[in-house]
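# Structural characterization, general
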Amino acid sequence: MSFSNRKILLAVTGGIAVYKALELTRLFKKQGADVRVVMTKSATAFVQPLSFQALSGHSVHFELLDTEAENAMGHIELARWADVFVIAPATANTLAKMAHGLADDLVSTLYLAATCSVYVAPAMNHAMWNHPATQANLKILQTHGVNFIAPESGEQACGEIGMGRMAEPETICRGVLQTPAHYDSFRYAGGCNLPLPLQKSGVCKTPLRIIITAGATREPLDPVRYLTNRSSGKMGYALAVAAQQAGANVTLISGVTHSAPPLNCHFIQIETAEQMHAAVFENLENCDIFIGAAAVADYRPIVCGDEKIKKNANQITLTLQKNPDILANVAALDSPPFTVGFAAETHDLEIYAREKLTRKKLNMIAANWVGRDEGGFERDENALEVFWQDGQQSFPMIEKSTLAEQLMALIAERFHAPK
Ligand code: C5P
């Protein structure tokens, strides 16, 4: 999914985070969007409109009643032109005007005139963010169907620490990108007002954090050879895309594959099971859901020499050491994320899958047949039998991308189910 042919109207209002909107413009353009920028007067005090003009390729609008601009593309045309209206950074002042229907400058007027979906990335000092007036305005805007990209907590430009720092441009871009284009005209139908399945509910629909492992690991024997398996990583990559579309913030930790990593996810490439284990544990903080789709090698050669093994002897013996079980170790944490495993089996699928569900203390396991004619490793299609403590669901043979969407919907349902 990309922004190809999507027309993005980016409103920049006055705060120190204006400089981040330059990067946001660049990211939108990189994804194929046509971007037009409008600025409030105070935003122009932080960054020259010329910088946005250079990045967007269009002149920047900042006057509501500018005869020249109105002749070229006036506020009503701009509002009609847009498929998506993004306000980043959005100051407390602009949010207040939007909430109460004021239209005394170009940005607030465009908000009233636009009928497309609206994304807002607030940015302000933490005391302003926490003020009951701002919080009440956010609630009003939510009833308008506005999508919020939550600000972050941390050190602020004023030197204080707290909530209100604008989300990073990549996060905003991902937030806008993950809502499929067919939602663009659904602002008043409520389509955008509901949290996506993998977002937390609340005023700001914060994405859930999901870690997915994918692909096969490579366990080196010597500098040129390794032990591996037939996993292509396709299922894990499809799950990463499906999770992003469902609103999640995805970290994909993958062995070497032939697939390109999905855009906008945090991608970490590893080779061995031990590297995958380390990468998972380094990234587990605030992880809501962990999905172990990787085909991790159960054993690794106990020694890996610096020199290539010579073919002198008729027989050689490899001694293998058991690898750490990443999935079981994640599930054994004191407060583990919702943990989903995979089980590739050649026989007794349900018995083995249920045994793993219990032994590894998983929330859910997705089992599939391997070593048969269709589906499984290296294929574009797959079928799954999914088990959890008090239920199960079958997914018949279908393309992995569709299967991933269906499985992710089930994971979201089970994650949100009352415990
Ligand atoms: O026990 P088994 O290897 O069949 O379990 C498969 C599941 O465990 C998969 O989800 C796989 O990603 C995970 N696994 C793991 N670390 C290992 C072996 C398997 O995370 N060392």
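Look above for the structure.
Since the model is a prediction, treat every value here as computed from it, not as a measurement. (Residues numbered from 1 in each chain as written. Predicted model: local features only at pLDDT ≥ 70, side-chain atom pairs only at ≥ 80, totals over all residues. Heavy atoms only, no water.)

The secondary structure content of the protein chain amounts to 15 helices and 19 strands. With respect to the principal axes defined by its C-alpha atoms, the protein chain has extents near 85 × 50 × 45 Å. Within the protein chain, the fraction of its 419 residues that count as buried is 52%. Within the protein chain, contacts between residues separated by at least 24 positions form 66% of all contacts whose residues are at least 6 apart in sequence. Carbon and sulfur atoms make up 51% of the accessible area of the protein chain, which totals about 19,900 Å². (Helix = DSSP H or I, 4+ residues; strand = E, 2+ residues; numbered from the N terminus. Buried < 20%, exposed > 50% of the residue type's maximum accessible area, 1.4 Å probe, protein only. Contact = heavy atoms within 4.5 Å. Areas by Shrake-Rupley, 256 points an atom, 1.4 Å probe, with all protein chains shown as cover.)

Before going further, it helps to spend a moment on the pairing of strand S4 (residues 117–122). Here S4 lies mainly inside the structure; six of its six residues are buried. Residues Ser117, Tyr119 and Ala121 point to one face of S4 and Val118, Val120 and Pro122 to the other, with burial holding for every one of them. Sheet topology note: the strand S3 (residues 84–90)/S4 ladder contains five bridges and is parallel. From the neighbouring strand, Val86 faces S4, where its bridge partner is Tyr119. (Pairing = 2+ DSSP bridges.)

What follows concerns the sheet that holds strand S13 (residues 289–292). Think of a sheet as strands paired side by side through backbone hydrogen bonds, with each pair either parallel or antiparallel. The strand order S12-S11-S8-S13-S16-S17-S18-S19 describes an open sheet built from eight strands, whose pairing is mixed. Whereas interior strands pair on both sides, the edge strands pair on one side only; in this sheet they are strand S12 (266–269) and strand S19 (391–399). Neighbour to neighbour, the strand axes of the sheet diverge by 15° on average, direction disregarded. Summarising the sheet, strand S16 (residues 338–345) and strand S17 (residues 364–369) pair through six bridges and their orientation is parallel. Across the sheet, the residue bridging to Phe342 is Ala366, located in S17. (Axes fitted to C-alpha atoms, helices over the stretch in contact; angles between N-to-C directions.)

Secondary-structure assignment places Ile149 in the loop between strand S5 (147–148) and strand S6 (152–155). Residue classification places Ile149 among the buried residues on the basis of a relative accessible area of 8%. Setting aside anything within four residues of it in sequence, one finds Ile149 in contact with Tyr119, Val120, Ala121, Pro122, Ala167, Thr171, Ile172 and Val176.

Attention now moves to the side chain of Thr257. Within the secondary structure layout, Thr257 lies in the loop between strand S11 (249–254) and S12. Only 3.1 Å separates the side chain of Thr257 from the side chain of Tyr237, close enough to count as a polar contact. Looking at Thr257, its side chain comes within polar contact range of the main-chain nitrogen of Ser259, at 3.1 Å. In this structure Thr257 touches Gly215, Ser232, Gly233, Tyr237 and Gln269, once residues within four positions along its chain are discounted. (Polar contact = N/O pair within 3.5 Å; in protein donor to acceptor, adjacent residues only side chain to side chain.)

Summed over all chains, the structure comprises two aromatic pairs. When the ring of Tyr237 is compared with that of Phe267, the centres are 6.2 Å apart and the planes differ by 70°; the resulting orientation is edge-to-face. Placement of the pair is Tyr237 in helix H11 (residues 234–245) and Phe267 in strand S12, with a sequence separation of 30 residues. You can call Tyr237 buried: its relative accessible area is 7%. Pairing Phe338 with Phe415 gives two aromatic rings, centres 6.0 Å apart and planes at 80°, and the pair type is edge-to-face. (Phe/Tyr/Trp six-rings, centres within 6.5 Å; stacked < 30°, edge-to-face > 60°.)

The strand order across the open sheet built from five strands is S2-S1-S3-S4-S5, with neighbouring strands paired in parallel fashion. Edge positions in the sheet fall to strand S2 (34–39) and S5, since each of these pairs with one other strand and no more. Looking at chain direction, strand S1 (residues 7–12) and S3 are connected through four bridges and run parallel. Pairing of Leu9 across the sheet is with Phe85, part of S3.

It is worth spelling out the site of the ligand at this point. Residues in close proximity to the ligand include Gly292, Ala294, Val296, Asp298, Pro324, Asp325, Ile326, Leu327, Gly341, Phe342, Lys356 and Lys360, which together make up its full environment. Here an oxygen atom of the ligand and a backbone polar atom of Ala294 are 2.6 Å apart. Interatomic distance of 2.8 Å between a backbone N/O atom of Pro324 and a nitrogen atom of the ligand. Computed on the free molecule, the ligand has an accessible area of 450 Å², of which 86% lies beneath the protein chains in the complex. (Near = heavy atom within 4 Å.)

Before going further, it helps to spend a moment on the packing of helix H6 (residues 92–100) against helix H9 (residues 132–143). Relative orientation of the contacting elements H6 and H9 amounts to 45°, with a least axis distance of 9 Å. What the angle tells us is that H6 and H9 run oblique. You can see that H6 and H9 cross each other, and the crossing is left-handed. Contact residues: Ala92, Leu95, Ala96, Met98, Ala99 and His100 in H6; Thr134, Asn137, Leu138, Ile140 and Leu141 in H9. Its residues assigned to classes, the contact of H6 with H9 shows eight nonpolar, three polar and no charged. (Parallel < 35°, antiparallel > 145°, perpendicular 65-115°, else oblique. Left-handed = near helix turned anticlockwise from the far one by under 90°. Nonpolar A, V, L, I, M, F, W, Y, C, P; charged D, E, K, R; others polar.)

Our next topic: the pattern of salt bridges. Counting across every chain of the model gives 13 salt bridges. As a salt-bridge pair, Lys234 and Asp380 come within 2.9 Å of each other at their nearest N and O atoms. Placement of Lys234 in helix H11 and of Asp380 in the loop between S17 and strand S18 (381–388) is noted, with a sequence separation of 146 residues between them. Among the salt bridges present, the one from Lys356 reaches Glu345, with a minimum N-O distance of 2.6 Å. Of this pair, Lys356 sits in helix H14 (residues 349–359) while Glu345 sits in strand S16, and the two are 11 residues apart along the sequence. Pair check on accessibility: Lys356 and Glu345 agree, each one buried. Salt bridges linked by common partners bring Lys97, Asp104 and Asp105 together as one network. (Salt bridge = Lys/Arg side-chain N within 4 Å of Asp/Glu carboxyl O.)

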